[in-house]
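Summary of the model geometry
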Amino acid sequence: MGRAFQNRKESMAKTADAKTKVYSKYGREIYVCAKQGGTDPAGNLSLRGLIERAKKDQVPSHVIDKALDKASGVGGEDFSPARYEGFGPGNCMVIVECLTDNPNRTFGDVRACFTKAKGKLGTPGSVSHMFDHCAILAFEGEDEEATLEALMEADVDVTDIENESGHITVFAPHTEYAKAKQALIDAFGELDFEVDEIQFVPQTVTPVEGDDVAVFEKLMDTLNDLDDVQNVFHSAEVEGQA
């Protein structure tokens, strides 16, 4: 797997406006996750991981609590997931995950971002077959064998395990996320996961060079600025970046 999973573009909270966007995205995702799997983090591992990630990104407790309160009530917004796939500068592959209460609006907004970047949206499945849909769990540790043994005893379908510089990274199919995380907690106690996510990891990378670099960065920025966009995954290996 290498370090390809680290290529996901993050929305950086550098200004008050940017922070508001990050809080809004976490609030929406927490609301949907709690609505689907229950508001108790102890019984909803996806929600637990999401809340832990939100706290690491300095999302205030009142934002988290408000989302949970809304999820425990009757009614509320009717958000549904939407995924768009396409090609960006340099013909790199891009996957955009959204939560939306208006799919027509979201589709139009995402398409406009691609059009401005001289890219194009594809049909569902047009690029996702070139990505692995992975649960990724990374934590401090060095005992790769004990990690693998714990996962195998829990009947987790492990894709790969990396041991690098005192850090263990576990890759598993996205459907194994909850089982894999619980197996690690059962084996090693409470862990401070440095990565605790489900991502689309590209099977190959696409070089993005020259004038395409600025266009690609603009595409990432405009997509992440959309309120409905939760995550952007891509295959780009940008010139000049590690």
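Before going into details, it helps to say that this report is about the structure given with it. (Residues numbered from 1 in each chain as written. Predicted model: local features only at pLDDT ≥ 70, side-chain atom pairs only at ≥ 80, totals over all residues. Heavy atoms only, no water.)

**Some remarks on the pattern of salt bridges**
The condition is simple: Only one rule defines a salt bridge in this text: a Lys or Arg side-chain nitrogen within 4 Å of an Asp or Glu carboxyl oxygen. Under the DSSP-based scheme used, a helix requires at least four consecutive residues in state H or I and a strand at least two consecutive residues in state E, with every element numbered from the N terminus. When a residue's accessible area, from a 1.4 Å probe over protein chains only, is under 20% of the maximum for its type it is buried; when over 50% it is exposed; and in between it is partly exposed.
Evaluation of the coordinates by the stated rule reveals 12 salt bridges. The residue Glu 190 makes a salt bridge to Arg 48 at a minimum N-O spacing of 2.6 Å. Residue Glu 190 is located in the loop between α6 (177-188) and β7 (195-202), and its partner Arg 48 is located in helix α2 (residues 45-56); the two are separated by 142 residues in the primary sequence. Classification of Arg 48 as buried rests on a relative accessible area of 18%. The salt bridge involving Glu 176 is made with Lys 179; its shortest N-O contact spans 3.8 Å.

**Notes on a negative patch on the surface**
Stated precisely, the cut-off is as follows: Like-charged residues are merged into a patch within 9 Å and nonpolar side chains (Val, Leu, Ile, Met, Phe, Trp, Tyr) within 5 Å, provided each residue has over 30% relative accessible area and no salt bridge. Residue-level accessible areas treat just the shown protein chains as cover; the underlying method is Shrake-Rupley with a 1.4 Å probe. In this tally, Lys and Arg are treated as positive and Asp and Glu as negative; His is ignored, and so are the chain termini. Throughout, a charge is located at the NZ atom of Lys, the CZ atom of Arg, the CG atom of Asp or the CD atom of Glu.
A surface patch of negative charge is lined by Glu 142, Asp 143, Glu 144, Glu 145, Glu 149 and Glu 153. Its location among the elements puts Glu 153 in helix α5 (residues 144-153). Residue classification places Glu 153 among the exposed residues on the basis of a relative accessible area of 63%.

**Re helix α7 (residues 212-225)**
Convention followed: Take the number of residues in a helix, subtract one, and multiply by 1.5 Å to get its expected span. Working note: the arc is built from the helix axis to C-beta atom directions.
Under the 1.5 Å per step criterion, the end-to-end length of α7 is 20 Å for 14 residues, consistent within 8% with the ideal 20 Å. For α7, the full list of buried residues reads Val 213, Phe 216, Leu 219, Met 220, Leu 223 and Asn 224. The arc that holds every buried residue of α7, seen down its axis, measures 125°, which confines them to one face. For α7, the exposed residues set more than 90 degrees away from the buried face come down to Ala 214 and Lys 218.

**As for the side chain of Thr 100**
Just so we agree on the cut-off: N or O atoms closer than or at 3.5 Å make up a polar contact, with two conditions inside protein: a donor-capable atom paired with an acceptor-capable one, and, for residues adjacent in sequence, both atoms drawn from side chains. Note on contacts: a residue pair qualifies if any of its non-hydrogen atoms lie within 4.5 Å across the two residues.
Counting through the fold element by element, Thr 100 comes out in strand β2 (residues 93-100). Look at Thr 100 and you get buried, because its relative accessible area is 1%. At 2.8 Å, the side chain of Thr 100 forms a polar contact with the backbone nitrogen of Asn 102. A distance of 2.6 Å separates polar atoms of two side chains, one belonging to Thr 100 and the other to Thr 106. The contact partners of Thr 100, leaving out residues within four places of it in the chain, are Arg 28, Asp 78, Phe 79, Ser 80, Ala 82, Arg 105, Thr 106 and Asp 228.

**So, the sheet that holds β2**
Paired through their backbone hydrogen bonds, the strands of a sheet run either parallel or antiparallel. Note the threshold: When DSSP locates at least two bridges between a pair of strands, those strands are taken to pair. In this analysis an axis means a line fitted to C-alpha atoms, helices contributing only their contacting stretch, and an angle means the value between N-to-C directions, from 0 to 180 degrees.
A sheet is described by the order of its strands in space; here four strands give the open sequence β3-β1-β2-β9, paired in antiparallel fashion. Strands at the two margins of the open sheet, each flanked by one partner only, are β3 (120-121) and β9 (229-234). For strand β1 (residues 80-87) and β3, the ladder comprises two bridges, and the chain directions are antiparallel. Within β3, the residue paired with Gly 86 across the bridge is Leu 121. Where helix α4 (residues 103-116) meets the sheet, it contacts β1, β2, β3 and β9, and its direction lies at approximately 150° from that of β2. Across the sheet, α7 lies against β2 and β9, angled at about 155° from β9, the strand it touches most.

**Quick notes on the sheet that holds strand β4 (residues 131-140)**
Strand order in the open sheet formed by four strands is β5-β6-β4-β7, and the pairing between neighbours is antiparallel. Two strands close off the open sheet at either side, each with one partner strand: β5 (160-164) and β7. Neighbour to neighbour, the strand axes of the sheet diverge by 25° on average, direction disregarded. Bridging between β5 and strand β6 (residues 167-173) involves five bridges; their strand directions are antiparallel. The residue bridging Asn 163 from the neighbouring strand is Ile 168, located in β6. Seen against the sheet, α6 touches β4, β6 and β7 and runs at an angle of roughly 15° to β4.

**Here's the deal with the state of the cysteines**
Rules: Note on terminology: disulfide denotes any pair of cysteine sulfur atoms within 2.5 Å.
In total, this model carries zero disulfides according to the counting rule given. Summary of cysteine pairing: Cys 98 is not part of a disulfide, and the nearest cysteine sulfur, belonging to Cys 113, is at 9.5 Å.

**Here we look at the nonpolar core**
Cut-off, in case you're wondering: Throughout this description, the term nonpolar core refers to a set of buried Ala, Val, Leu, Ile, Met, Phe, Trp, Tyr and Cys residues connected via side-chain atoms within 4.5 Å.
Counting residues in each nonpolar core, the largest one holds 21 residues, and the members touching the most others are Val 94, Val 96, Val 110 and Leu 223. Elements that contribute at least two residues to this core include exactly β1, β2, α4, α7, β9 and β10 (236-238). Element by element, the count of residues in this core is highest for α7, at five residues. Leu 223 has contacts with Val 94, Val 96, Val 110, Cys 113, Phe 114, Val 229 and Val 232, leaving out every residue within four places of it along the chain. The next biggest cluster of nonpolar side chains, apart from the first, holds 19 residues, and it includes Tyr 26, Ile 51, Ile 64 and Ala 67.

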